[in-house]
Amino acid sequence: MKKGFKLFTCVTLLILVLSIALTGCGSKQPNNSGTPSNADAGDNDSAKKPEKVFDVSLPLGKDSHHDVGIQKFREELEKRTNGRLSVKPHYNNALGGEREAIEGMMVNTIDMAISSTGPLGGFVKEIFMFDLPYLFKDVNHAYAVLDGEIGDFLEERIAEDANIVVLGWMENGVRNNTNNVRPLNTPSDLVGIKHRTQESEVQLDTWTALGASATPMAWTEVFTALQQGVIDSQENPLATIREVRFDEVQKYLNLTQHVYSPAPLMISKQLFDTLSPEDQQAMFEAAAVAVPVQRAFNQAQEEEIIKDLEAKGMTVTRPDLEPFRQAVEPVYEKWAPRIDKDLIERVRNYKYE
């Protein structure tokens with residue numbers, strides 16, 4: 001759907017990373033070009049009032065890695081449409097949780113969203129593969145899969161079955177466990193721990209295989225449930241753990257690195273189809289620039305986040321991951337045939353540099 005706009009050379013990525021480093025990852029200024037934000041566009045005589053502003057649902061807040069991605073997308077979209085098209089982010093699930101955002105895009109009551117892939121699996125079975133533990137060897141493996149022909153195939157399936165267009169594969173990052181009970185050195189340390197999962201049967205089976213007592217829960221309920229002791233444990237990428245301030249209700253941070261979590265930038269297909277071919281292409285081009293910026297920003301901040309969470313009182317554990325990989329093999333035995341065994345094998349054995 002967007003051939004020619006998805007792949008970036010290593011040189012381009014290096015330039016983007018260096019650019020972020022020079023401007024300061026913690027600068028709170030994701031709009032690196034100096035283009036006015038929506039908030040101050042009216043103060044600039046040269047700025048045009050957009051003809052169309054798309055509302056975008058974001059799970060996290062302003063200055064998060066999601067915000068870095070959407071602000072870069074906005075900048076590039078305005079540039080390519082001479083200011084006719086723009087976006088307005090709505091932070092911290094203000095338009096509803098991730099499942100509500102996806103369902104809203106399906107019926108065109110929500111324009112756009114950045115979301116984890118978990119809720120999408122209920123509509124597109126192949127997306128459940130992103131819930132499989134230790135599917136990717138590292139983030140470069142994930143990028144190669146998402147930015148190549150497998151990513152194209154998944155986008156086609158999402159468009160067909162969920163009525164949603166994926167503009168680009170941004171990321172939440174690598175997911176890690178936090179809990180209030182004990183450090184996790186082996187899977188047996190999870191026995192007896194009440195763990196929250198997303199609304200995904202694959203995740204339920206994964207944490208059950210690891211020994212936890214797993215239960216699905218909507219994202220908007222998680223912090224309060226941890227605070228009240230309804231659950232003991234959750235898992236998320238480091239940026240989300242800090243953004244949501246889980247250090248206030250969780251003692252142990254365990255770098256289990258069990259899942260790489262994409263966060264696709266999506267738009268209602270019904271809405272997208274009303275755009276001219278030129279504007280559709282502008283959206284893909286804007287996403288193609290924004291995606292590597294967002295990924296690079298997220299990856300650059302991870303070690304800093306670990307140190308920050310440790311300074312805030314969390315005990316950080318770096319377990320040997322091999323016992324965890326072995327413990328979850330039954331999940332593959334059950335789910336690979338249900339999702340698409342050939343697809344999963346292609347992903348696990350995907351050749352990349």
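Here is a short report on the structure shown in this document. What you see is a predicted model, and the numbers here were worked out from it, not measured in a lab.

Definitions and limits used
- Residues numbered from 1 in each chain as written.
- Predicted model: local features only at pLDDT ≥ 70, side-chain atom pairs only at ≥ 80, totals over all residues.
- Heavy atoms only, no water.
- Pairing = 2+ DSSP bridges.
- Helix = DSSP H or I, 4+ residues; strand = E, 2+ residues; numbered from the N terminus.
- Right-handed = clockwise from strand over helix to strand, strands pointing away.
- Phe/Tyr/Trp six-rings, centres within 6.5 Å; stacked < 30°, edge-to-face > 60°.
- Buried < 20%, exposed > 50% of the residue type's maximum accessible area, 1.4 Å probe, protein only.
- Axes fitted to C-alpha atoms, helices over the stretch in contact; angles between N-to-C directions.
- Parallel < 35°, antiparallel > 145°, perpendicular 65-115°, else oblique.
- Contact = heavy atoms within 4.5 Å.
- Nonpolar A, V, L, I, M, F, W, Y, C, P; charged D, E, K, R; others polar.
- 1 Å grid on protein atoms, 1.4 Å probe; cavity = no way out; pocket = protein on both sides within 12 Å on 5 of 7 lines; lining within 4 Å.
- Points joined across faces, edges and corners; volume = space filled by probe spheres on them.
- Expected span 1.5 Å × (residues − 1).
- Arc of directions from axis to C-beta.
- Salt bridge = Lys/Arg side-chain N within 4 Å of Asp/Glu carboxyl O.
- Left-handed = near helix turned anticlockwise from the far one by under 90°.
- Core = buried A, V, L, I, M, F, W, Y, C linked by side-chain atoms within 4.5 Å.
- Polar contact = N/O pair within 3.5 Å; in protein donor to acceptor, adjacent residues only side chain to side chain.

## Some remarks on the pairing of strand β5 (residues 194–197)
As paired strands, β5 and strand β6 (residues 213–216) are joined by 4 bridges and run parallel to one another. Each residue of the ladder has a partner; that of Lys194, found in β6, is Ser213. At this point the chain moves from β5, through helix α6 (residues 201–209), to the parallel β6, and the crossover so formed is right-handed.

## Quick word on the packing of aromatic side chains
Overall, the coordinates contain 8 aromatic pairs when judged by the stated rule. With 5.8 Å between their ring centres and 50° between their planes, Phe130 and Trp169 make a pair best called tilted. Here Phe130 is found in the loop between β3 (112–114) and α4 (139–146), whereas its partner Trp169 is found in strand β4 (residues 164–179), with 39 residues between them in sequence. Considering the side-chain rings of Tyr143 and Tyr260, the 6.2 Å spacing of their centres and the 80° angle between planes classify their relative orientation as edge-to-face. Of the two residues, Tyr143 is situated in helix α4 and Tyr260 in strand β8 (residues 252–268); the sequence distance between them amounts to 117 residues. Grouping residues by exposure puts Tyr143 and Tyr260 together as buried.

## Quick look at unusual backbone geometry
One non-glycine residue, Asp63, lies in positive phi territory at about 75°. Following the sequence through the fold, Asp63 ends up in the loop between β1 (52–57) and α2 (65–80). Despite not being glycine, Gln257 has its phi angle at roughly 45°, a positive value. Mapped onto the secondary structure, Gln257 falls in strand β8.

## Some points on the packing of helix α13 (residues 329–339) against helix α14 (residues 341–348)
In contact at an axis separation of 6 Å, α13 and α14 are set at 125° when each is read in the N-to-C sense. Judged by the inter-axis angle, α13 sits oblique to α14. Of the residues in α14, those in contact with Glu329, Tyr332, Ala336, Pro337 and Ile339 of α13 are Lys341, Ile344 and Arg348. Here the residues of the contact of α13 with α14 sort into 5 nonpolar, no polar and 3 charged.

## Focus on empty space enclosed by the protein
The final tally for this structure, using the stated rule, is 3 cavities of 30 Å³ or more. One number sums up the size of the largest cavity: a volume of about 110 Å³. Residue lining of the largest cavity: 13 residues in total, with Glu98, Asn172, Trp219, Asn236 and Thr240 positioned closest to the centre. Mapped by element, the contributors of at least two residues to the lining of the largest cavity are β4 and β7 (233–237).

## Brief notes about the side chain of His258
Following the sequence through the fold, His258 ends up in strand β8. Of the residues examined, His258 reaches a relative accessible area of 4% and is grouped as buried. With residues near it in sequence (within four places) discarded, His258 still touches Leu132, Pro133, Tyr134, Arg175, Asn176, Asn177, Trp207 and Glu235.

## Here's the deal with helix α10 (residues 277–300)
With 24 residues, α10 extends 35 Å from end C-alpha to end C-alpha; this agrees with the ideal 34 Å at 1.5 Å per step. In terms of burial, α10 is a largely internal element, 18 of the 24 residues being buried.

## Examining helix α11 (residues 302–311)
Taken as a whole, α11 has its buried residues at Glu302, Ile305, Ile306 and Leu309. Along the axis of α11, the buried residues cluster in a sector spanning 100°; they form a single face. Opposite its buried face, α11 presents the exposed residues Lys307 and Ala311, each directed more than 90 degrees away. Contacts made by the buried residues of α11 are with β4, α8 (238–243), β8, α10 and β9 (315–317). After α11 finishes, the residue Gly313 shows a positive phi value of roughly 110°.

## Topic: the pattern of salt bridges
Scanning the entire structure with this criterion turns up 21 salt bridges. Across the salt bridge formed by Lys312 and Asp308, the nearest N and O atoms sit 3.4 Å from each other. Linked through salt bridges whose partners overlap, the residues forming this network are Lys72, Glu75, Glu76, Lys79, Arg80 and Glu285.

## Some points on the packing of α2 against α10
The N-to-C vectors of α2 and α10 enclose an angle of 150°; their axes lie 8 Å apart at closest approach. Classified by the interaxial angle, the pair formed by α2 and α10 is roughly antiparallel. Crossing geometry of α2 relative to α10 is assigned as right-handed. Facing His65, His66, Val68, Gly69, Lys72, Phe73, Glu76, Leu77 and Arg80 of α2, the residues of α10 in contact are Ala282, Met283, Glu285, Ala286, Ala287, Val289, Ala290, Val293, Gln294, Phe297 and Asn298. Taken together, the residues of the contact of α2 with α10 sort by class into 11 nonpolar, 5 polar and 4 charged.

## Topic: the nonpolar core
Residues Met129, Leu132, Ile158 and Ile164 are the most contacted members of the largest nonpolar core, which totals 50 residues. Those elements giving two or more residues to this core turn out to be α3 (98–106), α4, α5 (149–162), β4, α6, β8, α13 and α14. Beyond its immediate sequence surroundings of up to four residues, Met129 is in contact with Leu135, Ile150, Leu154, Ile339, Leu343, Ile344 and Val347.

## Let's talk about the environment of Glu149
When you line up the elements, Glu149 lands in helix α5. Excluding residues that lie within four positions of it along the chain, Glu149 makes contacts with Arg346 and Tyr350. Reaching out from Glu149, the side chain makes a polar contact with the side chain of Tyr350 at a distance of 3.1 Å.

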